[in-house]
Amino acid sequence: MKRLIDMEKRRGRRKRGIRAKISGTQERPRLTVYKSNLYIYAQAIDDKAGTTIVAVSNKEEKLSGIKSNLEGAGKLGEELGKRLKEKNIEKIVFDRNGYIFHGKVKALADGIRKAGLVF
């Protein structure tokens, strides 16, 4: 149990370091990722206004068939990219939320890039 608590503390420390350096705007929102064992969540945030512009999750009814694996993360990334394109957003700032840029986080980022967004 102590090992899990230590892992979360380390992720929290990385997260604070990342958030101190990046911020999102209306033109270039911050895209943050959260993952659990069952679900993947991603949202584009305008930090100046304190609002969420677009959010996507495999918990949504429309996307509930997507699993929380590499393929599913890629599909979620493509869906998020499509929703951001509808809002006329071409560039984002990627916030990996303290996670290592590997596996599901990388697959999500690749799906967003596949949709045509730049970060």
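Read on for a plain summary of the structure. No experiment lies behind these values; they were computed from the predicted model shown.

About the cut-offs
Residues numbered from 1 in each chain as written. Predicted model: local features only at pLDDT ≥ 70, side-chain atom pairs only at ≥ 80, totals over all residues. Heavy atoms only, no water. Pairing = 2+ DSSP bridges. Helix = DSSP H or I, 4+ residues; strand = E, 2+ residues; numbered from the N terminus. Axes fitted to C-alpha atoms, helices over the stretch in contact; angles between N-to-C directions. Buried < 20%, exposed > 50% of the residue type's maximum accessible area, 1.4 Å probe, protein only.

**Some remarks on the sheet that holds strand E2 (residues 40–46)**
Read across the sheet, four strands follow the order E3-E2-E1-E4 without closing on themselves; strand pairing throughout is mixed. This sheet does not close on itself; its edge strands, each paired only once, are strand E3 (51–57) and strand E4 (93–95). Ignoring strand direction, the axes of neighbouring strands in this sheet form an average angle of 20 degrees. With six bridges joining them, strand E1 (residues 30–35) and E2 adopt antiparallel strand pairing.

**Some thoughts on unusual backbone geometry**
If you check the backbone angles, Asn 88 has positive phi at about 60 degrees while not being a glycine. Relative to the helices and strands, Asn 88 resides in the loop between helix H2 (70–86) and E4. Residue Asn 88 is classed as exposed on the basis of its relative accessible area, which comes to 69%.

By themselves, these are just geometric observations and shouldn't be taken as functional.
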